[in-house]
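Remarks on the overall topology
So you can see what is in the structure, the chains are spelled out below.
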Amino acid sequence: MENGAVYNETTEPEAKAPRRLPFGCTLEHLWGWRLPVKVVQAILSFVAVVCEEIVEDCSSCSGLYFFEFISCSAFLLSVLILCVYCTRMYESLGKEKVQKL
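This one's a predicted model, so the numbers in the text were calculated from it and none came from an experiment. (Residues numbered from 1 in each chain as written. Predicted model: local features only at pLDDT ≥ 70, side-chain atom pairs only at ≥ 80, totals over all residues. Heavy atoms only, no water.)

**A look at the packing of aromatic side chains**
This is how the line gets drawn: Note on aromatic contacts: the rings of Phe and Tyr and the six-membered ring of Trp form a pair at centre separations within 6.5 Å, being stacked when their planes are under 30 degrees apart, edge-to-face when over 60 apart, and tilted otherwise. Counting from the N terminus, the helices are the DSSP runs of H or I reaching at least four residues and the strands are the DSSP runs of E reaching at least two. Categorising residues by exposure relies on relative accessible area from a 1.4 Å probe, with only protein chains included: less than 20% of the type maximum marks a residue as buried, more than 50% marks it as exposed, and the intermediate range marks it as partly exposed. By definition, being over a ring means that NZ of Lys or CZ of Arg is both within 6 Å of the ring centre and within 35 degrees of the ring normal.
Counted under the stated rule, the structure contains 1 aromatic pair. With a centroid separation of 5.3 Å and an interplanar angle of 45°, the aromatic rings of F46 and F75 are classed as tilted. Linking F46 in helix α2 (residues 34-54) with F75 in helix α3 (residues 62-86), this pair joins segments that are 29 residues apart in sequence. Look at F75 and you get partly exposed, because its relative accessible area is 23%. Positioned over the ring face of Y85 is R34, at 5.9 Å from the centre of the ring.

**Topic: a nonpolar patch on the surface**
Cut-off, in case you're wondering: Two joining distances apply to patches: 9 Å for like charges and 5 Å for nonpolar side chains (Val, Leu, Ile, Met, Phe, Trp, Tyr), and every residue must have over 30% relative accessible area and no salt bridge. Note on areas: Shrake-Rupley, 1.4 Å probe, and residue coverage restricted to the protein chains presented here. Just to be clear on terms, a salt bridge is a Lys or Arg side-chain nitrogen sitting within 4 Å of an Asp or Glu carboxyl oxygen.
A cluster of nonpolar residues, V39, I43 and V47, forms a patch on the protein surface that exposes about 230 Å² of accessible area. Looking at the secondary structure, you find V39 in helix α2. Residue classification places V39 among the partly exposed positions, given a relative accessible area of 35%.

So this is what it looks like as structure tokens:
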């Protein structure tokens, strides 16, 4: 029997590989307007952290400490979201776990 009869070419076209940036980054899961918004969010939250650190004297520092906590948390979470959605970590964790996260 000839191998050509058993092994035919597939009729299903190959899927295109997702567009990858250097260092294993991909834009497959965070595309359109969502990527620039997340980048701007990370930049603005970092600016808020820097502005908070510039303050030297305060009369009632409880509000400043709360602002520091919120701005630092926002920065870390936005960087985490960018790392998960723009790297291969999204595939390794799975869609369900990322949505729970």
